[in-house]
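Geometric and topological summary
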Amino acid sequence: MLFHIITAAVCAIVLIWLLWLLADILLARVGKGPATRLVVRVEVSGAEPRLEETVRALARLRSGGRLPAEIEIVDRGMDEPTRCAAQLLQRDGIGQLKEYEWTKKELRASQAG
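Residues numbered from 1 in each chain as written. Predicted model: local features only at pLDDT ≥ 70, side-chain atom pairs only at ≥ 80, totals over all residues. Heavy atoms only, no water.

1. A few points about the nonpolar core
What counts, and what does not: We call a set of buried Ala, Val, Leu, Ile, Met, Phe, Trp, Tyr and Cys residues a nonpolar core when their side-chain atoms join them within 4.5 Å. Relative accessibility decides the category of a residue: with a 1.4 Å probe and only protein chains considered, values under 20% of the type maximum give buried, values over 50% give exposed, and everything between is partly exposed. Helix and strand definitions follow DSSP, with helices as H or I runs of at least four residues and strands as E runs of at least two, each counted in order from the N terminus. Contacts are residue-level and defined by heavy atoms, with any inter-residue pair within 4.5 Å sufficient.
Leu 51, Val 55, Ile 73 and Leu 89 are the most contacted members of the largest nonpolar core, which totals 14 residues. Residue assignment for this core shows that the elements contributing at least two residues are strand E1 (39–46), helix H2 (51–63), strand E2 (70–78) and helix H3 (80–91). It is H2 that contributes the most residues to this core, four residues altogether. Not counting the four nearest positions on each side in its chain, Leu 51 is found in contact with Val 42, Val 44, Ile 73, Thr 82, Ala 86 and Leu 89.

As structure tokens, this is what we get:
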């Protein structure tokens, strides 16, 4: 009986250790040099009900030290509720809201179609 308890405990410890290693491999830290600036751009057009969830997940990775990057939320024609969510995220210091800079080619294409 004692043998079964010890065996189960050892198996549980080994399983937890393997899961810990797997999580560390899957969520490896992103390294960068001292002269490197990393930016994650989240480009949004139209309605995006999961914007806050997406940006907050990126912020969790950043605060945990796994993603040393700034978060930019780029407005490519967001609807009003999405823009409000992006503004709240910016106000909370989670991401920077930026207007998309359209190229001349993109402007011509949007005006033609």
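Having put the structure on the table, let's press on.
2. A word on a nonpolar patch on the surface
Applicable threshold: For patch building, the residue pool is restricted to those with more than 30% relative accessible area and no salt bridge; the joining distance is 9 Å between like charges and 5 Å between nonpolar side chains (Val, Leu, Ile, Met, Phe, Trp, Tyr). In this description, accessible areas are obtained by the Shrake-Rupley approach with a 1.4 Å probe, and a residue is regarded as covered only by the protein chains that are shown. We count a salt bridge whenever a side-chain nitrogen from Lys or Arg sits within 4 Å of a carboxyl oxygen from Asp or Glu.
Taken together, the side chains of Met 1, Leu 2, Ile 5, Ile 6, Val 10, Val 14, Trp 17, Leu 18 and Leu 21 define a hydrophobic patch exposed on the protein surface, amounting to about 940 Å² of accessible area. Tracing the backbone shows Val 10 in helix H1 (residues 2–26). By relative accessible area, Val 10 is classed as partly exposed at 46%.

3. Looking at the sheet that holds E1
As a reminder, the rule being used: Any two strands are treated as partners once DSSP identifies two or more bridges connecting them. Each axis is a line fitted through C-alpha atoms, and for a helix only the stretch in contact is used; angles between axes span 0 to 180 degrees, taken between their N-to-C directions.
The strand order across the open sheet formed by three strands is E1-E2-E3, and the pairing between neighbours is parallel. Taken across any chain shown, the strands that pair with only one partner, and hence form the sheet edges, are E1 and strand E3 (96–99). This sheet shows a mean twist of 30° between the axes of neighbouring strands, independent of strand direction. Bridge count for E1 against E2 is seven bridges, and the pairing is parallel. From the neighbouring strand, Gly 46 faces E2, where its bridge partner is Met 78.

4. With respect to the confidence of the model for the chain
Note the following rule: Per-residue confidence from the predictor is given as pLDDT, running between 0 and 100.
Summing up the model confidence of the chain, the mean pLDDT is 88 and the portion of residues at 70 or higher is 97%. Per-element averaging of pLDDT across the chain places helix H4 (residues 104–112) at the bottom with 72 and H3 at the top with 95.

5. Here we look at the pairing of E2
As a reminder, the rule being used: With the strands aimed away from the viewer, a crossover counts as right-handed if its path from the first strand over the helix to the second runs clockwise.
Viewed along the sheet, the connection from E1 through H2 into E2 turns out right-handed. By the bridge criterion, four bridges tie E2 to E3 in an arrangement that is parallel. Bridge assignment links Ile 73 to a residue of E3, and that residue is Leu 97. One crossover worth recording links E2 to the parallel E3 by way of H3, and it is right-handed.

6. Digging into the pattern of salt bridges
For the coordinates displayed, the defined rule picks out 11 salt bridges. Between Glu 70 and Arg 37 there is a salt bridge; the shortest N-O distance is 3.0 Å. Highlighted residues: Glu 70 in strand E2 and Arg 37 in the loop between H1 and E1, separated in sequence by 33 residues. Classification of Glu 70 by relative accessible area gives partly exposed; the value is 32%. Since its relative accessible area comes to 53%, Arg 37 is described here as exposed. For Arg 41, the salt bridge goes to Glu 43, with nearest N and O atoms at 2.7 Å. Linked by salt bridges that have partners in common, Arg 37, Glu 70, Glu 72 and Lys 98 make up one network.

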